[in-house]
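Listed here are the chains, written in short residue letters.
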Amino acid sequence: MRRRTRTLWFLSALVAVLGAAVYAQLRHERSLVAEPLTAIDPAAVRSVAVACQGCTSRRFEKRDGRWRMLEPYAQDADAEAVDKLVAIATAPVRYRHAAGALDPKKLGLDPPLASLLLDGVALRFGTTDAIHGDRYVEVDGTVALVPDRFSARLFAAPENELASPPPASP
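Treat the numbers as computed from the prediction; the structure is a model and nothing was measured. (Residues numbered from 1 in each chain as written. Predicted model: local features only at pLDDT ≥ 70, side-chain atom pairs only at ≥ 80, totals over all residues. Heavy atoms only, no water.)

Novice: Run through a nonpolar patch on the surface, naming residues and quoting values.
Specialist: A surface patch of nonpolar side chains, amounting to about 400 Å² of accessible area, comprises Phe-10, Leu-11, Leu-14 and Leu-18. Locating Phe-10 in the fold gives a position in helix α1 (residues 3-32). Phe-10 gets classed as exposed once you look at its relative accessible area, which sits at 55%. (Patch = residues over 30% accessible without salt bridge, like charges linked within 9 Å, V, L, I, M, F, W, Y side chains within 5 Å. Areas by Shrake-Rupley, 256 points an atom, 1.4 Å probe, with all protein chains shown as cover. Salt bridge = Lys/Arg side-chain N within 4 Å of Asp/Glu carboxyl O. Helix = DSSP H or I, 4+ residues; strand = E, 2+ residues; numbered from the N terminus. Buried < 20%, exposed > 50% of the residue type's maximum accessible area, 1.4 Å probe, protein only.)

Novice: Would you mind going over the nonpolar core in detail, with residue names and values included?
Specialist: If you look at the biggest cluster of nonpolar residues, it comprises 29 residues, and the most contacted ones within it are Val-48, Leu-116, Leu-118, Leu-123, Phe-125 and Leu-154. Listing elements by their share of this core, those giving two or more residues are β1 (47-52), β3 (66-71), α2 (79-86), β6 (114-118), β7 (121-128), β8 (134-139) and β9 (142-147). Residues contacting Val-48, with those up to four places away along its chain left out, are Arg-58, Arg-59, Phe-60, Trp-67, Val-82, Val-86, Leu-116, Leu-117 and Leu-118. Of all hydrophobic cores here, the second largest spans five residues; its members include Leu-107, Tyr-136, Val-143 and Leu-145. (Core = buried A, V, L, I, M, F, W, Y, C linked by side-chain atoms within 4.5 Å. Contact = heavy atoms within 4.5 Å.)

Shown next, in the form of structure tokens:
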């Protein structure tokens, strides 16, 4: 076999091995992608309600493509703020447990510290995990541990979610 042919075969084999390694790496990365908290499509959500202990409850509705706060103020809402509340539904889940497998009182889920209602789907938020700081969230009969990057939004003042300042009190 000539030297050029031998080099060509060697390079072809090397390309095949590298291609297989890339394919294996992509499969591995896809398997590591965490599943979302819910199957809700954030773009399809039309109503949002937030309730929490020690804060003012808020309710929003999407009309004609714009978010509007209905409670405690009846005026236009900041779309970005409401969209970030809706995005909680797609937070990545680290672990899932059956609802009966854990004591809801110990997790702060009975009663919940906060709740988020998205088009009738209730997400109930409890305390955080002591080791990783993940938040316990009960949804659809399961308790999930979710990285807590959203608590500030749940407990925010309603004024933070308005498109313009609220009307002055008399």
